[in-house]
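Residue strings, one per chain:
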Amino acid sequence: MRVVQQLQRRAHQVSRIVREQGVRQLGARALNNAARRFGADTEVFPVRLEDVRAADLAAPRPLVVPPVPADGKLTVNWVSTPPAPGSGGHTTMFRLVEHLESLGHTCRLYLYDVYGSRAVDHEPVIRSAYPGFRGPVLDVLDGMADAHAVFATAWMTAYPVFNDPCAGKRFYLVQDYEPWFFPVGGLSALAENTYRMGFHGFTAGRFLADKLRTEVGMPADHFDFGCDADRYHLREGVARDGVVFYARRLAPRRATEIGLLALELFADRHPDLAIHTYGEKIGALGPRHVDHGLISPDRLNDLYNRCYAGLTLSMTNVSLVPHEMLAAGCVPVVNDAPHNRVVLDNDHVRYAPATPHDLARALTDVVTAPDFATLARTASTSVSSRSWDAAGHQLEKLLRHHLNL
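Residues numbered from 1 in each chain as written. Predicted model: local features only at pLDDT ≥ 70, side-chain atom pairs only at ≥ 80, totals over all residues. Heavy atoms only, no water.

### A few points about the environment of Ser102
Phase 1: By the secondary structure assignment, Ser102 is in helix 3 (residues 88–102).
Phase 2: Given the relative accessible area of 53%, Ser102 is considered exposed.
Phase 3: A C-alpha to C-alpha distance of 9.8 Å links Ser102 and Arg134, two positions 32 residues apart in sequence.
Phase 4: Among the polar contacts listed, one links the side chain of Ser102 to the backbone oxygen of His99, at a separation of 2.6 Å. (Helix = DSSP H or I, 4+ residues; strand = E, 2+ residues; numbered from the N terminus. Buried < 20%, exposed > 50% of the residue type's maximum accessible area, 1.4 Å probe, protein only. Polar contact = N/O pair within 3.5 Å; in protein donor to acceptor, adjacent residues only side chain to side chain.)

This is the structure:
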């Protein structure tokens, strides 16, 4: 049955490419796929060129907001790339969506897939990975129904949000400064242009809101990072045996190369301690290295509880990982940067310059700290009051304010 579904999905992708872009583009994609099989560096463009052409930022559509019913219940459209299990950005989005749903508001998910798959192809994965979401899963290319609010959730989704004629005030869930994901050039410019589309930003942490307001003049409010204390928590009595590193070569902003060099230096100084890595398989780093690859959040809590320190690097906005490590009593070692300090704002985080030697020294400082059991408990307590419900309340307050409720 699964094979049949995959064949149906592939047939739909082919028919959509031919319908929208012609047989020539289908042939180009076939060549790209063949090139990838032989190791060539090619990929599908992350935004539909038709959407970029249609987006004249100097001529935005007139804004129409439907009247809010007497019961105050809102309808919100969310435009997203296809969510993947374990994706931090999608997980945060669904936490916000599910909070609105818990208050009686209606949320619709519209998928933006440049690979040509339909929403129905992705829906089983979404329902399995995010079972709390109750709304419909739809295709944004089919057009959006009117709503009170419409959210872009990543830079490429901002283009259909800008272009679509549906009613609804435009908002932008900004979880990172996405122009930094690319070398300075066309893609970074296309990403930065979305901050000038007239949307109101709702950002993950204060750093992004300040940056958008001061550098591109985009109005923005922020929410503080929560922590899933039910999933990430300290387990008393668990023996710790080393350090852990979140490694993602496919996300250059996570500086995997620097982290691996730091771990090599650390391993030379502490051959008795284990080196744990997760996120993706990276190969052997030595006799005490455990390469976990991609693991579930529940297993991740067990892993954090086994480690004294966690190396987590971010060259852009900080990830969810440091707070999750803290909750498990694992002390995060983070590259020292304003975007990390402003958002984390936690005395138990250890900062170091983004050099292999400095990061290795910081890891050593943690694993040699006296009375680590007490340190682990205080680190865990420092994030125990951080709830994602607070972010949801901030979101609903933002919507009510800007919809004049």
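### Looking at the sheet that holds strand 9 (residues 274–278)
Phase 1: On the basis of which strands lie adjacent, the open sheet formed by six strands has the order 10-9-8-11-12-13 and parallel pairing. The open sheet has two edge strands, strand 10 (289–291) and strand 13 (350–352), and neither has a second partner. Direction aside, the axes of adjacent strands within the sheet are offset by 20° on average.
Phase 2: Of the strand pairs in this sheet, strand 12 (residues 331–335) and strand 13 are connected by three bridges, and their pairing is parallel. (Pairing = 2+ DSSP bridges. Axes fitted to C-alpha atoms, helices over the stretch in contact; angles between N-to-C directions.)

### With respect to the pairing of strand 1 (residues 75–80)
Phase 1: Counting buried residues along strand 1, six of its six residues qualify, which places the element largely inside the surrounding structure.
Phase 2: Side chains Thr75, Asn77 and Val79 of strand 1 all project onto a buried face; the interleaved residues Val76, Trp78 and Ser80 project onto the opposite face, where all are buried too.
Phase 3: Strand direction decides the pairing type here: strand 1 and strand 2 (residues 106–111), joined by six bridges, are parallel. Paired with Val76 across the bridge in strand 2 is Cys107.
Phase 4: Since strand 1 and strand 2 lie parallel, the crossover through helix 3 that links them has a hand, and here it is right-handed.
Phase 5: Alignment of strand 1 against strand 4 (residues 149–152), held across four bridges, turns out to be parallel. Within strand 4, the residue paired with Val76 across the bridge is Ala149. (Right-handed = clockwise from strand over helix to strand, strands pointing away.)

### Observations regarding the side chain of Arg240
Phase 1: In this fold, Arg240 is placed in the loop between strand 7 (220–223) and strand 8 (242–246).
Phase 2: In this structure the side chain of Arg240 is engaged in a polar contact, spanning 3.0 Å, whose partner is the backbone oxygen of Tyr304.
Phase 3: Among the polar contacts made by the side chain of Arg240, one reaches the main-chain carbonyl oxygen of Ala328 at a distance of 3.0 Å.
Phase 4: Excluding residues that lie within four positions of it along the chain, Arg240 makes contacts with Leu234, Tyr304, Asn305, Arg306, Cys307, Tyr308, Ala328, Gly329, Cys330, Phe372 and Ala376. (Contact = heavy atoms within 4.5 Å.)

### Remarks on the packing of aromatic side chains
Phase 1: Within the structure shown, the criterion is met by 18 aromatic pairs.
Phase 2: Ring geometry for Tyr172 versus Phe199: centroids 6.0 Å apart, planes at 65°, classification edge-to-face. Residue Tyr172 is found in strand 5 (residues 169–174), and its partner Phe199 is found in the loop between helix 6 (186–193) and strand 6 (200–204); the two are separated by 27 residues along the sequence. Across this residue pair, the class does not change: Tyr172 and Phe199 are buried.
Phase 3: On the numbers, 6.4 Å between centres and 35° between planes, the contact of Trp180 with Phe207 is tilted. Of this pair, Trp180 sits in the loop between strand 5 and helix 6 while Phe207 sits in helix 7 (residues 206–216), and the two are 27 residues apart along the sequence.
Phase 4: The buried category is assigned to Phe207, whose relative accessible area is 16%.
Phase 5: Pairwise contacts between aromatic rings join Tyr172, Tyr177, Trp180, Tyr195, Phe199 and Phe207 into one cluster. (Phe/Tyr/Trp six-rings, centres within 6.5 Å; stacked < 30°, edge-to-face > 60°.)

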